[in-house]
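Listed here are the chains, written in short residue letters.
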Amino acid sequence: MNNASNTLLSLQGLTMVFGGLVAVNDFNLDLHDGDLVGLIGPNGAGKTTVFNMISGQYIPTKGKVIFDGQEVQRLMPNVITGLGIARTFQNIRLFGNLSVLDNIMVSFHGKLKASFIAAMIGTPGYLSTERDLREEAYSLLEAVELSDVAYEDAQSLPYGKQRRLEIARALATHPKLLLLDEPAAGMNPYETLHLMRFIQRIRKDFNVTILLIEHDMKVVMGICERVLVMDFGIQIADGTPDKIRNDPKVIEAYLGVDE
Ligand SMILES: Nc1ncnc2c1ncn2[C@@H]1O[C@H](COP(=O)(O)OP(=O)(O)O)[C@@H](O)[C@H]1O
Ligand SMILES: [Mg+2]
């Protein structure tokens, strides 16, 4: 590692065109190890599309995604996950009928798949791997304060805990970079407050860099040290929460939007 290499993620001229719509236009961002950066903007601004290009769901029309010094914009999502990028989705994507613990186990799938044949014939090697992963899954649940509901169905959890489980599933892949897409959506004020503390804690405890899309300004302004603002696919501001709050361009972008 050289001195400049604490740049974990570099987005360079990222552009995504859908038919005639330029959803993201020449987007640039450098994230450094340990950053907690917010990405905000009105609905349809292009925020989720930026995530989709980072995590390999979309191949950018133009531009580069450089992660840990490597170009990743043409790699498959599962390969990108393996390199250390994990994300959550705007709409909760859990396996509702599976237990909380098994939802974490599914995230370990890549590790288990390696010994698929062993699983078929139930070799001792496989069984111990399975047991180790169960233990690891349980410790992860302890770390995110969900171990008390480890054996409940995911769908039976209150909303705030389902969101936390989603984040735990992302953490199960041992990411260096965690992309959170509107984690506070649908939460009550108490759950939101808990989430804010939770995000700050996992950044430290799991040593992750976080890029956070969030609708709730209290969350973004309360925990991010830097905030980027998008409008119509274009980055219109980048700075501290205080600077962003008073930026006329940002105020204008949000005018007429009932938040
Ligand atoms: N797969 C797609 N096909 C066509 N248009 C899309 C697709 N994904 C997103 N868009 C469009 O791109 C724009 C940005 O969407 P999105 O990134 O979801 O915005 P945000 O997350 O900021 O609300 C919107 O106009 C949306 O309709
Ligand atoms: Mg979105």
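That block above? That's the structure.
Calculation notes
Residues numbered from 1 in each chain as written. Chains lettered and ligands numbered in written order. Predicted model: local features only at pLDDT ≥ 70, side-chain atom pairs only at ≥ 80, totals over all residues. Heavy atoms only, no water. Salt bridge = Lys/Arg side-chain N within 4 Å of Asp/Glu carboxyl O. Helix = DSSP H or I, 4+ residues; strand = E, 2+ residues; numbered from the N terminus. Buried < 20%, exposed > 50% of the residue type's maximum accessible area, 1.4 Å probe, protein only. Pairing = 2+ DSSP bridges. Contact = heavy atoms within 4.5 Å. Axes fitted to C-alpha atoms, helices over the stretch in contact; angles between N-to-C directions. Near = heavy atom within 4 Å. Polar contact = N/O pair within 3.5 Å; in protein donor to acceptor, adjacent residues only side chain to side chain. Areas by Shrake-Rupley, 256 points an atom, 1.4 Å probe, with all protein chains shown as cover. Core = buried A, V, L, I, M, F, W, Y, C linked by side-chain atoms within 4.5 Å. Phe/Tyr/Trp six-rings, centres within 6.5 Å; stacked < 30°, edge-to-face > 60°. Lys NZ or Arg CZ within 6 Å of the ring centre and 35° of its normal.

A. Molecular detail of the pattern of salt bridges. Scanning the entire structure with this criterion turns up 10 salt bridges. The closest approach of N and O atoms between Arg134 and Glu130, which form a salt bridge, is 3.2 Å. Of this pair, Arg134 and Glu130 both sit in helix 6 (residues 124-143), four residues apart, roughly one helical turn. Across the pair Arg201 and Glu145 runs a salt bridge whose closest N-O atoms are separated by 3.7 Å. Remark: Glu145 occurs in the loop between helix 6 and helix 7 (159-171) and Arg201 occurs in helix 8 (residues 189-205); sequence separation between them is 56 residues.

B. Geometry of helix 1 (residues 47-54). For helix 1, a buried count of seven out of eight residues is recorded, marking the element as mostly surrounded by other parts of the structure. Buried within helix 1 are the following residues: Lys47, Thr49, Val50, Phe51, Asn52, Met53 and Ile54. Once helix 1 ends, the next one or two residues include Gly56, with phi positive near 90 degrees.

C. Spotlight on the sheet that holds strand 1 (residues 7-18). Sheet architecture is open: four strands sit in the order 2-1-4-5, paired in antiparallel fashion. Whereas interior strands pair on both sides, the edge strands pair on one side only; in this sheet they are strand 2 (21-32) and strand 5 (70-71). Strand direction decides the pairing type here: strand 1 and strand 2, joined by eight bridges, are antiparallel. Residue Val17 lies in a different strand from strand 2, and its bridge partner there is Val22. Together, strand 1, strand 2 and strand 4 (62-67) form the strand contacts of helix 1, whose direction differs from that of strand 1 by roughly 115 degrees.

D. Structural context of the site of ligand 1. Near ligand 1 the following residues occur: Phe18, Leu21, Ala23, Pro42, Asn43, Gly44, Ala45, Gly46, Lys47, Thr48, Thr49 and Tyr58. Lys47 is positioned such that a nitrogen or oxygen atom in its side chain is 2.8 Å from an oxygen atom of ligand 1. Surface burial for ligand 1 is 64%, taken as the share of its 560 Å² of free accessible area covered by protein chains. Mapped by element, the contributors of at least two residues to the shell around ligand 1 are strand 2 and helix 1.

E. Molecular detail of the environment of Val144. Assignment of secondary structure puts Val144 in the loop between helix 6 and helix 7. When the C-alpha positions of Val144 and Ala168 are compared, they lie 6.9 Å apart, and in sequence the two are 24 residues distant. Setting aside residues up to four positions removed in sequence, Val144 forms contacts with Arg164, Ala168, Leu171, Phe198 and Arg201.

F. Broad picture of the nonpolar core. Ile104, Leu165, Leu178 and Ile210 are the most contacted members of the largest nonpolar core, which totals 50 residues. Counting 27 residues, the second largest nonpolar core, distinct from the first, contains Leu9, Phe27, Leu39 and Leu179.

G. Geometry of the packing of aromatic side chains. Applying the stated criterion across every chain yields a total of one aromatic pair. On the numbers, 5.4 Å between centres and 80 degrees between planes, the contact of Phe18 with Tyr58 is edge-to-face. Placement of Phe18 in strand 1 and of Tyr58 in the loop between helix 1 and strand 4 is noted, with a sequence separation of 40 residues between them. Over the face of the ring belonging to Phe89 we find Arg93, whose NZ or CZ atom lies 3.6 Å from the ring centre. Of note, Arg164 hangs over the ring of Phe198, and the distance from its end group to the ring centre comes to 5.8 Å.

It is worth stressing that arrangement in space is one thing and function is another; only the former is reported here.
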